Amino acid sequence: MSLRLPSEIVVERFLPTARSMLASELAERDFTQQEIADRLGVTQAAVSKSLGGDGAVEERFRENERMQATMARIADGFAADTMSGYEALAELLELIRAFEDRGPICAVHEEEMPALDGLGCDLCVRGSDDGVLAERDVLRTVRTAVRRVTNTPEIAAHVPKVGTNVATALPEAPDTTAVAAVPGRVHAVGGRVLVPAQPEFGASQHVAETLLAAMAIDPSVRGALNLATSDALLAAAEEHGIDPLRFDADYENRAEHLRERFRERGAVPRVIYHEGAFGIEPVTYLLGADAIEAAALAGDLVAAADG
C-alpha cells in the first residue's frame, strides 16, 4: 500500500499551483518579479520560471473557481495594500480546509493512495473519532459482502432486472443517509455479477428503507441484500428453517407497512418478499446482522435453490 499524507499533496501540488496563480495575478497588477518574489517568499528566478509557464501546476486546482477567486482576492488585497501576509495566509488555510473536505485535495489524495478510494474519507476534517471509525467499519463490511457476492457466480441468475444492492446501516441509523450500499446497484451481465462503484452512504433507497424498517423492530438487524423472488429461493429458505414473510409490493408507505407486518409476526424474519405489482418486479430481501451475514445467507439459499 502506498502511504501518502494529505499534507504532502498540499506541499507538492497545492502550494506550487497557488504560488503560480498568485504570481500571475500580481504580474497582471504590475508587480515586478522581485516584488512578487518578496510577497511569495521565493526567489526572483522562481517567479520568472513560474510566469514563463515552467512551474509545476495541478490543473484541478488551477481550474477551480473558488481557488481562482481566492487568488484574485489576495492579489487585489496586496495591490491595494489592504491585506496583510497574515490575512492572506488565513485565506489560503481556509481554502486548504475546504479542498480537504471531499474536495480537490481529496481527489488527488485518493489517486496517490488508492486504498482511500470509495471510503468517503473525511479524516482530514474530522480526525479518527468514533463516528468516523464506525463509518469505515460499515463501508468495509459492505465491501467484504460485495466480494462474497461476486465470488458466488450462482447468484447472478437470481439478480433481479432492477439490480441487487448490498447494505449495512450504522447503529441507530436515523435515515437512508446512514446506510452504506453500492451506487447504481450490482447487476448480472453475461452470467457475472458486476459492481459499478465502491460503497457509499446514502446510495440505496428500497434496500435501505427495508433495512431501516427491520431495525426499528430489531436493532440487531443491520444488513440486507435483495434477490429476485422465486419459488425455489423461498423453498430453500424454508429448508433452512426460515419462514419467509410476505408483504405487499403495491403500497405507499413501505416503511410503515413493513413495520406493521413485522409487529404482526412478532419478529423480523431473515427472509421477506413480495410478488410484485404493476411495474414492480418481485423481490426478496435477505436480512442479517450485517451485509456479510446477509451475503452468506444468499449464497446458502442460492446453492440450495439451484441444487
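Summarised in this report is the structure supplied together with it. Keep in mind that this is a model prediction, so the values were computed, not measured. (Residues numbered from 1 in each chain as written. Predicted model: local features only at pLDDT ≥ 70, side-chain atom pairs only at ≥ 80, totals over all residues. Heavy atoms only, no water.)

1. Here's the deal with the sheet that holds strand β7 (residues 245–246)
Item 1. One open sheet holds the seven strands; their spatial order is β5-β2-β1-β6-β9-β8-β7, and the pairing between them is mixed. Each having just a single partner strand, β5 (200–201) and β7 make up the two edges of the open sheet.
Item 2. With three bridges connecting them, strand β1 (residues 166–169) and strand β6 (residues 223–228) associate as antiparallel partners. The partner of Val-166 across the bridge, within β6, is Leu-225.
Item 3. Lying on the sheet, helix α11 (residues 231–239) is in contact with β6, β8 (271–274) and β9 (283–288); it crosses β8 at an angle near 155 degrees. (Pairing = 2+ DSSP bridges. Helix = DSSP H or I, 4+ residues; strand = E, 2+ residues; numbered from the N terminus. Contact = heavy atoms within 4.5 Å. Axes fitted to C-alpha atoms, helices over the stretch in contact; angles between N-to-C directions.)

2. Thoughts on the nonpolar core
Item 1. One finds Leu-211, Leu-225, Leu-227, Phe-262, Val-271, Leu-286 and Leu-301 to be the most contacted residues of the largest nonpolar core, which totals 57 residues.
Item 2. Among the nonpolar cores identified, the runner-up in size contains 27 residues, and Val-10, Ala-18, Ala-23 and Met-83 belong to it. (Core = buried A, V, L, I, M, F, W, Y, C linked by side-chain atoms within 4.5 Å. Buried < 20%, exposed > 50% of the residue type's maximum accessible area, 1.4 Å probe, protein only.)

3. Some remarks on the pairing of β8
Item 1. Side chains Val-271 and Tyr-273 project from β8 onto one buried face, and the interleaved Ile-272 and His-274 project onto a second face that is buried too.
Item 2. Of the strand pairs in this sheet, β7 and β8 are connected by two bridges, and their pairing is parallel. Note on β8: the bridge partner recorded for Leu-245 is Ile-272.

4. Some remarks on the pairing of β9
Item 1. Counting buried positions along β9 gives six out of six residues, so the element sits mostly inside the fold.
Item 2. Residues Val-283, Tyr-285 and Leu-287 line one face of β9 and the alternating positions Thr-284, Leu-286 and Gly-288 line the opposite face, and both faces are buried.
Item 3. As paired strands, β6 and β9 are joined by six bridges and run antiparallel to one another. Bridged to Asn-226 within β9 is Tyr-285.
Item 4. Here β8 runs beside β9; their pairing, made up of four bridges, is antiparallel. Note that in β9 the partner of His-274 across the bridge is Val-283.

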